[in-house]
Amino acid sequence: MKCWDPRIEEIPKEELHRLQYRLLKTLVYKLYSLSDFYHRRMKEAGVHPDDIRTLEDVQKLPFMYKSDLRDHYPDRLFTVPQEELVRYHVSSGTTGKPTVVGYTQRDIENWTNSLARALVSCGLGRGDVIQVSYGYGLFTGGLGLHYGAERIGATVIPTSTGNTERQIELMMDLKATAIACTPSYLLHIGEVAEKMGVSIKNDTRLRAAILGAEPWSERMRNRIQEWLGVKAYDIYGTSELYGPLFTECHEQQGIHIWGDLALVEIIDPETNAPLPAGERGELTMTVLQKEALPIVRFRIGDITTMRDDVCACGRTHPRITRIEGRVDDMLIIRGINVFPSQIEHTLMGIPEVGREFQIVVDRKAELDSLLVRVELTHEAFSDRIKDLMNIRKKVAERLQSALLVNAEVELVEPGTLPRFEGKAKRVVDRRKL
Amino acid sequence: MNQIEHYLIKQISIFSENRPGRLAAIAQAMQEERINILAFSIAEADGFGVVRALVDHSERAYHKLTDMGFMVSFTDVIAVRMRDEPGGLYEIARILGDANINIEYAYAYTGKDAAVLILRVNNARDAIATLLKRNVTLMESSFFK
């Protein structure tokens, strides 16, 4: 099957823009009358629903931030009574209070359909066996993928995270053809499989991996594809936007953002000005059909670029490139902006070092220091100290030219850097201590 | 040619971070496997090092250390018996220097009844042939088993 819903996925751009405008207008009128929060924010910004006369007028609306959700914990931004809700999800409160999101039946439907379109665009469908190795529970990943996979008629193995040996046994016994998990967990699965004497490439039917919930790089994709013999697709979403809900199609040229569900803007995080297609900035979304927890001009904090040309697959909706980092992950080292993803990208191009790394930022004598710890690969290990020093020098030089910041490099024993089953945490910033 | 192979000795080289307890972990593993360390050296750089050792059961040592997560490789070295008197080292170094063979590193083994120099050179086979031609005594690999 080429498209799950060709009528909407291949809609002419003009028509999509008209649809988006109609949905935005309806949303704004509804929020102005239903939501104290939005009413007050719009008044403060001096904008009335009547001022929304074109799609571009979305720029008149005030931004919404993660802190707004935390400040209105748990459900004070909801616009439907509790009896209309069919589910809650709760995001991990890594930086303070957790945030709660709620769903009406129709919200779940839109979420599920969004993923159904996405999974079909990755070439999956009835007959596929999809292993969902995202966490099930309060996190949106597991249940979201589960519903989407069932909707397209695939068979789901709801393994959730953890117990990796068992995941690999089930993958073989139940002949999984696809897996959905974080990229770092798939690397972990690959390593554990090798220890068990299992080659994911040769001994399983796995051919697709739907990977997300943390930033990863194009080079990491190449490594995964080559090593594990799967096509690796990027998936995107956050709990505020239902959960994971957009993926790349089989062309692997950016993540399709279904325009009938979400309106994308890219915002300059410094000036708050909208940026044109092709420029890097902060992803900002308005979810057009959300009932329980409306989301308007939500500053997600993820750094990406948008493209608005029609994809080779025929789908007309805008696309975003892979997430390059978080506005708040950005490290400022001696005044220079450094994204951990740039470091990952650089290391992935150096065959002598392994897939894991750790970044340690510190302050020595009033000066920021950047230490990158990497594992040597078995192939690169040499008995000669000089060879090892050269590898270290090469890594330091590549990092220096990519980051424009001097990085110290430490070679560590294989298997000693921390491995992650969920979201990877590779940065240790000692300056805050 | 076949004779030359007898003099190639398999040294194990282990990558180790430069922090307390790493050498103890390696040594303990050798004890557990009842492997005898005959000669040994540590080469250190800033932050890491390479432990090099001649052991009586190199395959077993390799597997044990690899299973423990260490990065281990085999390196061919040669063992040269030196005259235990002034000029003994000079003689060996001069022969190799004259033959344009580079010594990359060396360490000593003072076993039972001999002073033995363990050498890693850029071309082990040439070094063996050169030294044998000059009547220098080399230890066969079986000597270390």
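Residues numbered from 1 in each chain as written. Chains lettered and ligands numbered in written order. Predicted model: local features only at pLDDT ≥ 70, side-chain atom pairs only at ≥ 80, totals over all residues. Heavy atoms only, no water.

A. Broad picture of the overall build of chain B. Per the secondary structure count, chain B includes 5 helices and 6 strands. Against the 2.2 N^0.38 benchmark of 15 Å for 145 residues, chain B shows a C-alpha radius of gyration of 16 Å, consistent with a compact globule. Overall, chain B is about 45 × 30 × 30 Å in size when its C-alpha atoms are taken along their principal axes. For chain B, the residues scored as buried account for 48% of the 145 residues in total. Entry remark: accessible area of chain B is about 7600 Å², with carbon and sulfur atoms responsible for 46%. Put simply, chain B has 16 plus and 18 minus side-chain charges, and the middle of one group is 2 Å from the middle of the other. (Helix = DSSP H or I, 4+ residues; strand = E, 2+ residues; numbered from the N terminus. Rg over C-alpha atoms; globule rule 2.2 N^0.38 Å. Buried < 20%, exposed > 50% of the residue type's maximum accessible area, 1.4 Å probe, protein only. Areas by Shrake-Rupley, 256 points an atom, 1.4 Å probe, with all protein chains shown as cover. Lys, Arg positive; Asp, Glu negative; His and termini not counted. Charge placed at Lys NZ, Arg CZ, Asp CG, Glu CD.)

B. Focus on the interface of chain B and chain A. Listed by partner, the interface residues are 24 residues for chain B and 17 residues for chain A. Of the roughly 1700 Å² buried at the junction of chain B and chain A (both faces included), carbon and sulfur atoms supply 57%. For chain B, the biggest contributors to the area lost against chain A are B:F15, B:F48 and B:M71; these three give 38% of the whole. Along the contact surface separating chain B from chain A lie 5 salt bridges. Across the pair B:D46 and A:R392 runs a salt bridge whose closest N-O atoms are separated by 3.9 Å. Along the contact surface separating chain B from chain A lie 8 residue pairs in polar contact (both at pLDDT 80 or more). Counting residues per element, the ones that place at least two in the side of chain B that touches chain A are β1 (9-17), β2 (37-44), β3 (48-55), β4 (71-82) and β5 (103-111) of chain B. Broken down by element, the residue count for the side of chain B that touches chain A peaks at 6 residues, all from β1(B). (Contact = heavy atoms within 4.5 Å. Buried area = accessible area lost by both parts, 1.4 Å probe. Salt bridge = Lys/Arg side-chain N within 4 Å of Asp/Glu carboxyl O. Polar contact = N/O pair within 3.5 Å; in protein donor to acceptor, adjacent residues only side chain to side chain.)

C. How the structure looks around the sheet that holds strand β10 (residues 262-267) of chain A. Pairing is antiparallel in the open sheet, where 5 strands are placed in the order β11-β10-β12-β13-β16 (chain A). Every other strand in the sheet has two partners, leaving β11 (274-275) and β16 (325-326) of chain A as the edge strands with one partner each. (Pairing = 2+ DSSP bridges.)

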